[in-house]
Amino acid sequence: MKRETLTKKEIIKKPKEMVKVKKEGKRREDEYFLIYYLPSELAKSDSSPPRLCFSVEKEVRKATERNLLKRRMREVYRRHKDVFSNGFLYLIRAKERALTLPFTTFQERLLSLIERCS
């Protein structure tokens, strides 16, 4: 059975790394999400897991709504790790409009955008 947890090794926590991905990485965007991605220099091989940072636009004022969007993004990643390219850094930002999407549509839109990053 495949392991679907989100480990600490898969999360980008350092602000320097986030800034680097944003400045040097490529960008994909639609009306619900903004994704920056960059091949990781730390990846010793293509088998190293992708590393991610999940964030939400400032326009989403309520903490419960911000947390809901981040939980949904983590869940999409957890269920579909195989879609994300190994050895890459991803900065994924949900826009306020994403709150209106049901989860299945949310998942489809995010995955289609991730597939365009490969």
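Below you will find a few notes about this structure. (Residues numbered from 1 in each chain as written. Predicted model: local features only at pLDDT ≥ 70, side-chain atom pairs only at ≥ 80, totals over all residues. Heavy atoms only, no water.)

Let's talk about the side chain of Lys95
Within the secondary structure layout, Lys95 lies in the loop between strand S4 (88–94) and helix H3 (103–117). Those residues in contact with Lys95 that sit more than four places away from it in its chain are Glu29, Asp30, Glu31, Tyr32, Phe33, Leu34, Glu57 and Leu69. (Helix = DSSP H or I, 4+ residues; strand = E, 2+ residues; numbered from the N terminus. Contact = heavy atoms within 4.5 Å.)

Describing the pairing of strand S2 (residues 33–39)
Across the seven residues that make up S2, a large majority, six, are buried. Inspection of the sheet shows strand S1 (residues 26–29) paired to S2 by four bridges, in the antiparallel sense. Residue pairing for S2: Lys26 is matched across the bridge by Tyr37. Once S1 ends, the chain turns through three residues before running back antiparallel as S2. (Buried < 20%, exposed > 50% of the residue type's maximum accessible area, 1.4 Å probe, protein only. Pairing = 2+ DSSP bridges.)

Some points on the environment of Thr100
Among the structural elements, Thr100 can be located in the loop between S4 and H3. By relative accessible area, which is 65% here, Thr100 ends up exposed. Between the C-alpha atoms of Thr100 and Glu29, which are 71 residues apart in sequence, the distance is 18 Å. Engagement of the side chain of Thr100 in a polar contact is seen with the backbone oxygen of Arg97, the distance being 2.7 Å. (Polar contact = N/O pair within 3.5 Å; in protein donor to acceptor, adjacent residues only side chain to side chain.)

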